[in-house]
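For reference, the chains in residue letters:
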Amino acid sequence: MAGQRRLFVPVAALLFIPCWLSVVASAQLLPASRVLDLSASDGTKLKATYFGAATPGPGVLLLHQCNRQRKVWDGLAQQLAAAGINVLTLDYRGFGESGGDRFDKLPQEAVTKVIAEKWPGDIDEAFRYLVSQPGVKHDVIGVGGASCGVNNSIQTARRHPEVKSLVLLSGSTDLSGRQFLRSSKLPVLLSVADDDEFPPTVQVIEWIFSITPNPGKRLLHYTNGGHGADMFPVHPELPTNIVEWYTTTLIKTPGSAPTSTDAPAIPREIHTLDLIDQPGGAAKVAQMLEGARQHDPRATLFSEPVVNFVGYEHLQSGDTKGAVEILKLNAVAYPDSPNVYDSLSDAYLANGQKDSARENAKKALEHLASDTTDPKERREGIRASAEQKLKQLGDAPR
């Protein structure tokens, strides 16, 4: 009829309509989520996302790695919520959409202070929010973390007995965390990839696995996949395994998992590392090293950077004598490394042995002249550290 327009719909558009409706329907089936602001004790705003399950169930707090932010967990959180588990993800202060000075812009001293003095309270605030939500079983909670989120997860479990299960990806924990794990019955799922951008991580994850006493513990060890949650796109079965883990340890049998029948073999080096961590262990390993070098003068038995890390952990915990013994062992095993002498100098200085601190700071500078292994930035850091100690000791180099 004149004056009327015919509605023309292309055939391609008609074909698209069922597909579009399917996408909309799928989206409507995704668990509901809401973004929210939490307030830290000092008023700093912390951004979080809550993924609510359709029915009452346990809760899981997910703590991100320090080179990402909370949104790396979105896909996993949706899968968990669909499985009946309520999830909260959190941006640490200084990360993502949370307030606070940007973490990657802070000097190292400030970073250490924020981690020690601010993060525990911030994470506890997120924990309180999670357990307070309607439908969350407040006494059945899981915590998961990647990289720096590993120690944050373990420390959260130390503070909160409501935690019944852990998932730990590509990270480490400190001396107090290891002591907690050795005495804890928590079921723990760990995962790491050999191509992790931080190579010591592989050994540390194996170490955490070895000291965890729960017979249901699991280690998912990949040849590739990267660091932390970066493994998810490479190994889509990993999030599925995590969902199954939490379903078992939080819903089916809270706080326990079936005994593992395929536990991986742990390298001898990991057991040596654990011995070093124990009181008097460094002396025992020194004897082992001496014996090994009678057959192979180049034998080392353990990783230099990991043992250096352990030595500093003992130092920071107040075990200065233990730190001296651990770092002395590292210097014996790696006599050409300038870093082992600089670290040993720190331990001696903390233990009040100024002459030994001075001697080892000078050794660090001497070995820098022939150091072809460490990159320039690392060599400069070692030099600055050694020279600062010599200046502090009234023996600044000319």
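What counts as what
Residues numbered from 1 in each chain as written. Predicted model: local features only at pLDDT ≥ 70, side-chain atom pairs only at ≥ 80, totals over all residues. Heavy atoms only, no water. Helix = DSSP H or I, 4+ residues; strand = E, 2+ residues; numbered from the N terminus. Buried < 20%, exposed > 50% of the residue type's maximum accessible area, 1.4 Å probe, protein only. Contact = heavy atoms within 4.5 Å. Lys, Arg positive; Asp, Glu negative; His and termini not counted. Charge placed at Lys NZ, Arg CZ, Asp CG, Glu CD. Pairing = 2+ DSSP bridges. Axes fitted to C-alpha atoms, helices over the stretch in contact; angles between N-to-C directions. Disulfide = S-S within 2.5 Å. Salt bridge = Lys/Arg side-chain N within 4 Å of Asp/Glu carboxyl O. Parallel < 35°, antiparallel > 145°, perpendicular 65-115°, else oblique. Nonpolar A, V, L, I, M, F, W, Y, C, P; charged D, E, K, R; others polar. pLDDT = per-residue confidence, 0-100. Phe/Tyr/Trp six-rings, centres within 6.5 Å; stacked < 30°, edge-to-face > 60°. Right-handed = clockwise from strand over helix to strand, strands pointing away.

**Some points on the overall build of the protein chain**
Counting secondary structure elements, the protein chain contains 16 helices and 8 strands. The principal-axis extent of the C-alpha atoms belonging to the protein chain is close to 100 × 50 × 45 Å. Across the 398 residues in the protein chain, those meeting the buried criterion constitute 48%. Across the protein chain, every contact between residues at least 6 apart in sequence was considered, and the portion connecting residues at least 24 apart equals 64%. Put simply, the protein chain has 41 plus and 45 minus side-chain charges, and the middle of one group is 4 Å from the middle of the other.

**Digging into the sheet that holds strand 1 (residues 33–39)**
Pairing within the open sheet is mixed, and its 8 strands lie in the order 1-2-4-3-5-6-7-8. Each end of this open sheet is capped by a strand with a single partner; those strands are strand 1 and strand 8 (218–222). In this sheet, adjacent strand axes meet at a mean angle of 20° when their direction is disregarded.

**Structural notes on the state of the cysteines**
Counting across every chain of the model gives 1 disulfide. A disulfide bridge connects Cys 66 with Cys 148, and the sulfur atoms are separated by 2.1 Å. One quick way to see it: the torsion about the S-S bond of Cys 66 and Cys 148 is about 95°, and its sign makes the bridge right-handed. Linking Cys 66 in the loop between strand 3 (57–63) and helix 2 (74–82) with Cys 148 in helix 5 (residues 148–159), this pair joins segments that are 82 residues apart in sequence. Taking the relative accessible area as the measure of exposure, Cys 148 reaches 19% and is therefore buried.

**Overview of the pattern of salt bridges**
Taken as a whole and assessed by the stated rule, the structure comprises 19 salt bridges. Across the pair Lys 328 and Glu 325 runs a salt bridge whose closest N-O atoms are separated by 3.7 Å. With a gap of 3 residues between them, Lys 328 and Glu 325 both fall in helix 13 (residues 320–333), about one helical turn apart. Judged by its relative accessible area of 34%, Lys 328 is partly exposed. One salt-bridge network, held together by shared partners, links Arg 178, Arg 182, Asp 274, Asp 277 and Glu 313.

**Some details on the packing of helix 12 (residues 304–316) against helix 14 (residues 338–350)**
Remark: helix 12 packs on helix 14, axes separated minimally by 11 Å, with the N-to-C direction vectors making an angle of 10°. Classed by the angle they form, the pair helix 12 and helix 14 counts as roughly parallel. Side by side, helix 12 and helix 14 meet where Glu 304, Asn 308, Tyr 312 and Leu 315 of the first sit next to Asn 339, Val 340, Asp 342, Ser 343, Asp 346, Ala 347 and Ala 350 of the second. Classifying every residue of the contact of helix 12 with helix 14 by side-chain character gives 5 nonpolar, 3 polar and 3 charged.

**Overview of the confidence of the model for the protein chain**
Averaged over all residues, the pLDDT of the protein chain is 91; the fraction at 70 or higher stands at 91%. Every residue in residues 1–28 is under pLDDT 50, and counting partners more than four places away or in other chains gives 1 contact.

**Here we look at the packing of aromatic side chains**
Applying the stated rule across the entire model yields 8 aromatic pairs. When the ring of Trp 73 is compared with that of Phe 232, the centres are 6.1 Å apart and the planes differ by 55°; the resulting orientation is tilted. Of this pair, Trp 73 sits in the loop between strand 3 and helix 2 while Phe 232 sits in helix 8 (residues 231–234), and the two are 159 residues apart along the sequence. A residue is classified by how much of its surface remains accessible, and Phe 232, at 10% relative accessible area, is buried.

**Digging into the pairing of strand 6 (residues 163–169)**
Of all 7 residues that make up strand 6, 6 are buried, and the element is covered over most of its length. Summarising the sheet, strand 5 (residues 136–146) and strand 6 pair through 6 bridges and their orientation is parallel. For Ile 141, the partnering residue across the bridge sits in strand 6 and is Val 163. Sheet topology places strand 6 next to strand 7 (residues 188–193); 4 bridges connect them, and they run parallel. When the bridges of strand 7 are listed, Leu 169 appears paired with Ser 191. With helix 6 (residues 175–183) bridging strand 6 and the parallel strand 7, this β-α-β connection has right-handed handedness.

**A few points about the pairing of strand 8**
Inspection of the sheet shows strand 7 paired to strand 8 by 5 bridges, in the parallel sense. From the neighbouring strand, Leu 190 faces strand 8, where its bridge partner is Leu 219. Taken together, strand 7, helix 7 (residues 200–211) and strand 8 form a β-α-β motif whose crossover is right-handed.

**Here's the deal with the environment of Leu 61**
For Leu 61, the position within the fold is in strand 3. Residues Leu 61 and Phe 127 lie 66 residues apart in sequence; the distance between their C-alpha atoms is 7.0 Å.

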